[in-house]
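Examination of the molecular architecture
Residue-level listing of the chains:
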Amino acid sequence: MNTIENFDHILLFKTNISCDNDKQLLHKLLDNNPTVQCWSVDMEDSDCVLRIVSETLSHTQIIEMITQHGYSCCELT
């Protein structure tokens, strides 16, 4: 049986989160957020891509959450 994933809930962002200290902040922000199913940041990518899976959060809400802590964050399209 083939399962089709719903990619609508995968949100991608370009950030400046580029070191482990920055990533620690994300752990505090996102691990304690019940609306975030999972997340990752690719610090080896030049865009430091943040990937968040959430059925309820919008791109705008995540951008606000990240930028309030002094990081740049914009939707990857």
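See the structure above.
The following refers to the structure shown. (Residues numbered from 1 in each chain as written. Predicted model: local features only at pLDDT ≥ 70, side-chain atom pairs only at ≥ 80, totals over all residues. Heavy atoms only, no water.)

1. Topic: the overall build of the chain
Secondary structure summary: the chain contains two helices and four strands in total. Ordered by position from the N terminus, the helices and strands of the chain form the series β-α-β-β-α-β. Expressed as lengths along the three principal axes of its C-alpha atoms, the size of the chain is roughly 40 × 25 × 20 Å. The buried share of the chain, reckoned over its 77 residues, is 31%. Contacts in the chain between residues far apart in sequence, at least 24 positions, make up 57% of those at least 6 positions apart. (Helix = DSSP H or I, 4+ residues; strand = E, 2+ residues; numbered from the N terminus. Buried < 20%, exposed > 50% of the residue type's maximum accessible area, 1.4 Å probe, protein only. Contact = heavy atoms within 4.5 Å.)

2. Brief notes about the sheet that holds strand S4 (residues 73–75)
Each strand in a sheet pairs with its neighbour through backbone hydrogen bonds, running either in the same direction (parallel) or in the opposite one (antiparallel). Spatial ordering of the open sheet is given by S2-S3-S1-S4, a layout of four strands whose pairing is antiparallel. The open sheet is flanked by strand S2 (38–42) and S4, the only strands paired with a single partner. Adjacent strand axes in the sheet meet at a mean angle of 25 degrees, parallel and antiparallel pairs treated alike. Across the sheet, helix H1 (residues 20–31) touches S2 and strand S3 (49–53), and the angle it forms with S2 is around 165 degrees. (Pairing = 2+ DSSP bridges. Axes fitted to C-alpha atoms, helices over the stretch in contact; angles between N-to-C directions.)

3. Topic: the nonpolar core
Counting 17 residues, the largest nonpolar core has Leu26, Leu30, Trp39, Leu50, Ile52 and Ile66 as the members making the most contacts within it. When sequence neighbours within four positions are dropped, the list of residues in contact with Leu26 reads Ile17, Asp31, Trp39, Val41, Leu50 and Ile66. (Core = buried A, V, L, I, M, F, W, Y, C linked by side-chain atoms within 4.5 Å.)

4. Description of H1
The end-to-end C-alpha separation of H1 is 15 Å, in line with the 16 Å expected for 12 residues at 1.5 Å each. Where the residues of H1 are buried, they touch S2, S3 and helix H2 (59–67). (Expected span 1.5 Å × (residues − 1).)

5. Structural notes on the pairing of S3
Within S3, four of the five residues are buried, leaving the element largely enclosed by the surrounding structure. Across four bridges, the pairing between strand S1 (residues 10–15) and S3 is antiparallel. Its bridge partner being in S3, Leu12 is matched across the sheet by Arg51. With five bridges connecting them, S2 and S3 associate as antiparallel partners. Within S3, the residue paired with Asp42 across the bridge is Val49. Where S2 hands over to S3, the hairpin turn is made up of six residues, of which Cys48 adopts a positive phi near 45 degrees.

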